[in-house]
Amino acid sequence: MFTAEVKMNTGDVNVITTQNRGMTPEEVAKLAMDRIIYVSGDAPDGIKEQINTDYFGIGLVMATFAIGSIIAMLFANNLIKMSSARTVLLYTSILQALLWLPTPFIPSLLIFMIFSFIFGLCYGSFEISCNLYASNLEKREKKSMMSGFHAFWSLGVLIGSNTTSLFLEWNISFLNNV
């Protein structure tokens, strides 16, 4: 007959109370870093072995991406003013695509963190430019479209991550012919 087994990590539930005082920036930063490091625990072993690190190292890679993204969001407005949202979108898209190419061949944690930081810079600028471009499009067309843009963006991320998971599960690699 048919039998199935499901293994699943349900995670920990952690409730933080602040007695109605709110969280300090230090508490928010610590909580965010704890979450980043917790999520990095699910990284595939192949990545950890390739760059010779542990879960904390993967957490550092994610943190450098986030730091790069936040820094880019601070200066993206000036970059867009110097050129245009369309130009920033074009160049950050091309740079992000090029940064993905050497990723499977990165030999060390430090180099991976540098790539992650640069990718974060590109992604932060890309996000700001995307939202500004969509906002300008809404104004030009005089109708609300932002929620649709965000919905399709989320749908693309969902489909892309599920497809990638399936490819990994079925051992399908795009590097077979390299």
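Before reading on, note that the structure itself is shown above.
Thresholds applied
Counting restarts for each chain: residues are numbered from 1 in the order of the written sequence. A pLDDT threshold of at least 70 governs which residues receive local features in this predicted model, and a stricter bar of 80 or more applies before side-chain atom pairs are shown or counted, although totals over entire chains, interfaces and linings include all residues. Neither water nor hydrogens contribute to the side-chain values; these are computed over all heavy atoms in the structure. Side-chain atoms within 4.5 Å link the members of a nonpolar core, which is a set of buried Ala, Val, Leu, Ile, Met, Phe, Trp, Tyr and Cys residues. When a residue's accessible area, from a 1.4 Å probe over protein chains only, is under 20% of the maximum for its type it is buried; when over 50% it is exposed; and in between it is partly exposed. The helix and strand labels rest on DSSP assignments: H or I over at least four residues marks a helix, E over at least two residues marks a strand, and numbering proceeds from the N terminus. Residue contacts are defined here by distance: any two heavy atoms, one from each residue, within 4.5 Å place the two residues in contact. Expected span, for any helix, means 1.5 Å times one less than how many residues it has. The arc refers to the directions leading from the helix axis to the C-beta atoms.

Student: Go over the nonpolar core with me, naming the residues and quoting the values.
Tutor: By size, the foremost hydrophobic cluster in this structure holds 6 residues: Ile51, Ile58, Val61, Ile106, Phe112 and Met113. Listed by contribution, the elements that provide at least two residues to this core are helix 3 (55–82) and helix 5 (109–141). Those residues within four positions of Ile106 in sequence are excluded, and the remaining contacts are Gln50, Ile51, Ile111, Phe112 and Phe115.

Student: Now, about unusual backbone geometry: what can you tell me, with residues and values included?
Tutor: One non-glycine residue, Asn52, lies in the positive phi region at around 55 degrees. Mapping Asn52 onto the fold places it in the loop between helix 2 (45–50) and helix 3. The exposure class of Asn52 is exposed, given its relative accessible area of 70%. With phi around 55 degrees, Lys142 is a residue other than glycine that occupies positive phi space.

Student: So, helix 4 (residues 85–100): which residues are in play, and what are the values?
Tutor: Between its terminal C-alpha atoms helix 4 stretches 22 Å, which fits the 22 Å expected from 16 residues at 1.5 Å a residue. Restricting attention to buried positions, one finds in helix 4 the residues Ala85, Val88, Leu89, Thr92, Gln96 and Leu99. Considered in projection along helix 4, the buried side chains sweep an arc of 105 degrees and stay on one side of the axis. When the buried face of helix 4 is taken as reference, the exposed residues oriented beyond 90 degrees from it are Arg86 and Tyr91. Taken together, the buried residues of helix 4 touch helix 3 and helix 5.

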